[in-house]
Amino acid sequence: MKKSTQRLSVLKTYKLYIGGQFPRTESGRYVAALDANGNKIANLCLASRKDCREAIVAARGALGSWSQRAANNRGQILYRIAELVESRKEAFIAELQQQGLSRSAATRETNAAIDCLIYYAGWCDKYQAIFSTVNPVASSHYNFSVCEPMGVVTLLAPASPLLGLVSVLAPCVAGGNTAVVLANEKRSLSAISLAEVLHSSDVPGGVVNILTGSYAELLPWIVEHRDVNAVVYAEKDAAQLPSLRTKATGNLKRVLHWPLDDWQQAEVQSPYRILDLQEIKTTWHPIQQIAGSGASY
Amino acid sequence: MKTTRPAVFKPSLLAGPAIDQTGVEERTARFTKRSIKAASKMQGLLMTLSMIDLTTLEGKDSVGKVEQLCYKALHLHDAFEGLPTVAAICVYPSHVRTAKKALQDSLVKVASVATAFPAGQSSIDIKLAETRFAVAEGADEIDMVISRGKFLAGEYEYVFDEIAAIKAACGAARLKVILETGELGSLDDVRKASQLAIAAGADFIKTSTGKIQPAATLPVTLVMLETIRDHYYKTGCKVGMKPAGGISTSKLALHYLVMLNETLGADWMNPHWFRFGASSLANNVLLQIAKEKEGCYQSPNYFSVD
């Protein structure tokens, strides 16, 4: 009898990432992820609206401690994510190749994603100093404006499977928000692999939650959800935008459109992406107006 | 409703079937898989609200906090018409008078914990005095804890006599007996303690104080419900059930109602015979009701905390 030397392939089931855990979808639905030639490379969870709800509950629960964490510590954690992606670089590159990128494009994408994480890690404890202001007012008040995170932010990840995802995720969590990411429908594998990195890199459970599923099915539920504070839509194509904006009116959530398709450009990364996901709180603090008293010192 | 049970301890009170833990767990797992359609779900949610003993049992409870909770009991969410009130407010004896005054002539009952809650480590005289105090302040229901230490040491007669004495001190107030199942160890002990409490005169049996983990679980509650069922078959007397602690989502509450319906039937599906001891369940149910009404998921921001 001829003994087969060919090893059976071990296909992976990519699970969801909710509240620091990797549950399967509660709906029990899966789809096959295909490579460029149409061969099955993995099973993916098809998340349901209840998975979305769980993710949003987890994100809300994690918001308090994440937003109050020392800014430099958030920076350290983002840097740690970058370190771990770096150490798993080959795996990320191979996975991107499976999804149809060339070796050089996959390498570029992965390197840029790591650099992006480090870029925003650096901004964590600096953007407040740049964007907060002391305002001149005509009354006896000390008037100042400071940044506060918006809260729970839903990110609709762009088509660039790793870099695009990191480019929307990093400014969101750097600013103290917690995120529910809907991985790009066409290329979702890298998102879940990134979740596996996040899980082992000091990111508290619930700060980032990643779902794979159908946009058409899940978007209405996410955008109408009253406990989501903002939605980031990062595709150049703005066709979806009016309907998103209409659905978001229920709790007046912010809908941000970052219309990009080339995430490699240097100017894509910017502290203004952090600012986009901040609310500005202005405080009027009564003071004695010394200059007004006429004293000249 | 007069009971004619003899409040005399007999060792035969302890005899009962051995509990098959695996069987109980498999049975309770099935209650969580029933398909509940939207209309039934809405009915279940409203029923859940009407069965809640809205509870605050903290060292930091104040007059203001209790008054606030009583207001919440009467006005769960005024934006929605036709919501029931909760069944009762559950407080420490020192807050019974405040609660009674705040609830005035509404149908919401005032339940008071007593007998050195939550540990129950005190003398019978003090426990009796505390019970009489709570009743004199106006409590409609008394939630007592059993002496778990004595129970686990095998002093069943002591536990029995204690419950019977407290029952006598309650007068017209209904007595809920907290078994604190998280400290009993096995389902066999839960069954035994349930039989003991029922025989000694409990109007309700209750799982937990809420101060010990695990608190109420589906398996423990099933064993207690089956004890109530067996007692009913034997004597024709009904006893109420109150799972308490750890029931914070409406989904779980609906699982309990399914279990109640399939174990004791429709006669028990009302606040007179079934209660949820909970502090955060009410708001979770309100979120679900709002979601059913408005068609989108809700935020706790739009509901009063208490």
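This text follows the structure it describes.
A few points on the structure. This structure is a prediction, so every number in the text was calculated from the model and none was measured.

With respect to the nonpolar core
The biggest cluster of nonpolar side chains holds 90 residues, and the ones touching the most others in it are B:L49, B:I89, B:I163, B:V177 and B:F276. Contacts of B:I89, omitting those with residues within four sequence positions, involve B:L54, B:L69, B:C70, B:A73, B:A99, B:L103, B:V108, B:K109, B:V110 and B:A111. Judged by nonpolar contacts, the second largest core, of 70 residues, contains A:I81, A:L84, A:L101 and A:V203.

Considering the packing of helix α2 (residues 71-87) of chain A against helix α4 (residues 103-123) of chain A
All names here are of chain A. Where α2 meets α4, the closest approach of the two axes is 8 Å, and the angle between their N-to-C directions is 165 degrees. The orientation of α2 relative to α4 falls into the category roughly antiparallel. The chirality of how α2 crosses α4 is left-handed. Along its contact with α2, which presents G75, L78, Y79, I81, A82, V85 and E86, the element α4 presents T110, I114, L117, I118, Y120 and A121. By residue class, the composition of the contact of α2 with α4 is 10 nonpolar, 2 polar and 1 charged.

A few points about the state of the cysteines
In this structure the tally under the stated criterion is 0 disulfides over all chains. Free of any disulfide, A:C124 has its nearest neighbouring cysteine sulfur in A:C172, separated by 11 Å. Take B:C90: it sits in no disulfide, and the sulfur closest to it among the cysteines is that of B:C70, at 12 Å. The exposure class assigned to B:C90 is buried, which follows from its relative accessible area of 1%.

Regarding the pairing of strand β2 (residues 88-91) of chain B
All names here are of chain B. Alternating residues of β2 divide into A88 and C90 and I89 and V91, and every residue in both groups is buried. Looking at chain direction, strand β1 (residues 52-55) and β2 are connected through 3 bridges and run parallel. Counterpart to D53 in the pairing with β2 is A88. Regarding the hand of the β-α-β motif, the stretch spanning β1, helix α3 (residues 63-74) and β2 is right-handed.

A closer look at the interface of chain A and chain B
Contact residues are listed per partner, giving 9 residues for chain A and 10 residues for chain B. It is A:R53, A:W221 and A:R226 in chain A that bury the most area against chain B; as a group they hold 54% of the surface buried on that side. In this assembly, chain A and chain B are joined by 1 salt bridge. Between B:E294 and A:R226 there is a salt bridge whose closest N-O contact spans 3.3 Å. Counting the contacts that link chain A with chain B gives 4 residue pairs in polar contact (both at pLDDT 80 or more). Of all the elements in the fold, those that place two or more residues in the side of chain A that touches chain B are α1 (49-68) and α8 (215-224) of chain A.

Comments concerning helix α7 (residues 156-170) of chain B
All names here are of chain B. In a regular helix each residue adds 1.5 Å, so 15 residues correspond to 21 Å; α7 covers 21 Å between its end C-alpha atoms and thus fits that length. Within α7, burial applies to Y156, V159, F160, E162, I163, A164, I166, A169 and C170. Against α5 (124-137), β4 (141-145), α6 (148-152), β5 (174-178) and α8 (187-199) lie the buried residues of α7. Positive backbone phi, at 65 degrees, marks G171, one or two positions downstream of α7.

Structural notes on the sheet that holds strand β3 (residues 40-45) of chain A
Each strand in a sheet pairs with another by means of backbone hydrogen bonds, the pair being arranged parallel or else antiparallel. All names here are of chain A. The 3 strands are arranged β1-β3-β2 in an open sheet whose pairing can be described as mixed. The open sheet has two edge strands with one neighbour each: β1 (12-14) and β2 (30-34). The average undirected angle you get between the axes of adjacent strands in this sheet is 35 degrees. Examined bridge by bridge, β2 and β3 share 5 bridges and lie antiparallel to one another. Opposite A32, over in β3, you have N43 as the bridge partner. On the sheet, helix α7 (residues 189-199) packs against β1, β2 and β3 and is oriented at approximately 85 degrees with respect to β1.

A few points about helix α6 (residues 163-174) of chain A
Residues and elements named next belong to chain A. Spanning 12 residues, α6 covers 16 Å between terminal C-alpha atoms, matching the ideal 16 Å at 1.5 Å per step. Those residues of α6 lying buried are L163, G164, L165, V166, S167, V168, L169, A170, P171, C172, V173 and A174. Remark: G176 follows α6 within two positions and exhibits a positive phi of approximately 90 degrees.

Notes on the pattern of salt bridges
The tally for this structure, following the rule as stated, stands at 30 salt bridges over all chains. In this structure, A:K126 engages A:D125 in a salt bridge whose closest nitrogen and oxygen atoms are separated by 3.0 Å. Residue class for A:K126 comes out partly exposed when judged on its relative accessible area of 41%. Classification of A:D125 by relative accessible area gives partly exposed; the value is 38%. Across the pair B:E137 and B:R97 runs a salt bridge whose closest N-O atoms are separated by 2.9 Å. Taken together, the positions of B:E137 in helix α5 and B:R97 in helix α4 (residues 96-103) put the pair 40 residues apart, joining distant regions of the chain. A relative accessible area of 53% places B:R97 in the exposed class. Through salt bridges with shared partners, a single ionic network connects B:D53, B:E141, B:D143, B:K176, B:K206, B:K242 and B:R275.

Some details on the packing of aromatic side chains
One pass over the structure, following the stated rule, counts 12 aromatic pairs over all chains. Pairing A:Y119 with A:Y120 gives two aromatic rings, centres 5.1 Å apart and planes at 90 degrees, and the pair type is edge-to-face. Since its relative accessible area comes to 30%, A:Y119 is described here as partly exposed. Both rings, one in B:F9 and one in B:F160, keep their centres 5.6 Å apart while their planes meet at 65 degrees; by these two values the pair is edge-to-face. With B:F9 in the segment before α1 (21-31) and B:F160 in helix α7, the pair connects residues that are 151 residues apart, well separated along the chain. Neither residue differs from the other here; B:F9 and B:F160 are each classed as buried. Just above the ring of B:F204 sits the side chain of B:K176; from NZ or CZ to the centre is 5.8 Å. A cation over a ring is seen here: B:K293 above B:F80, with NZ or CZ 5.1 Å from the ring centre.

About the criteria used
Residues numbered from 1 in each chain as written. Chains lettered and ligands numbered in written order. Predicted model: local features only at pLDDT ≥ 70, side-chain atom pairs only at ≥ 80, totals over all residues. Heavy atoms only, no water. Core = buried A, V, L, I, M, F, W, Y, C linked by side-chain atoms within 4.5 Å. Buried < 20%, exposed > 50% of the residue type's maximum accessible area, 1.4 Å probe, protein only. Contact = heavy atoms within 4.5 Å. Axes fitted to C-alpha atoms, helices over the stretch in contact; angles between N-to-C directions. Helix = DSSP H or I, 4+ residues; strand = E, 2+ residues; numbered from the N terminus. Parallel < 35°, antiparallel > 145°, perpendicular 65-115°, else oblique. Left-handed = near helix turned anticlockwise from the far one by under 90°. Nonpolar A, V, L, I, M, F, W, Y, C, P; charged D, E, K, R; others polar. Disulfide = S-S within 2.5 Å. Pairing = 2+ DSSP bridges. Right-handed = clockwise from strand over helix to strand, strands pointing away. Buried area = accessible area lost by both parts, 1.4 Å probe. Salt bridge = Lys/Arg side-chain N within 4 Å of Asp/Glu carboxyl O. Polar contact = N/O pair within 3.5 Å; in protein donor to acceptor, adjacent residues only side chain to side chain. Expected span 1.5 Å × (residues − 1). Phe/Tyr/Trp six-rings, centres within 6.5 Å; stacked < 30°, edge-to-face > 60°. Lys NZ or Arg CZ within 6 Å of the ring centre and 35° of its normal.

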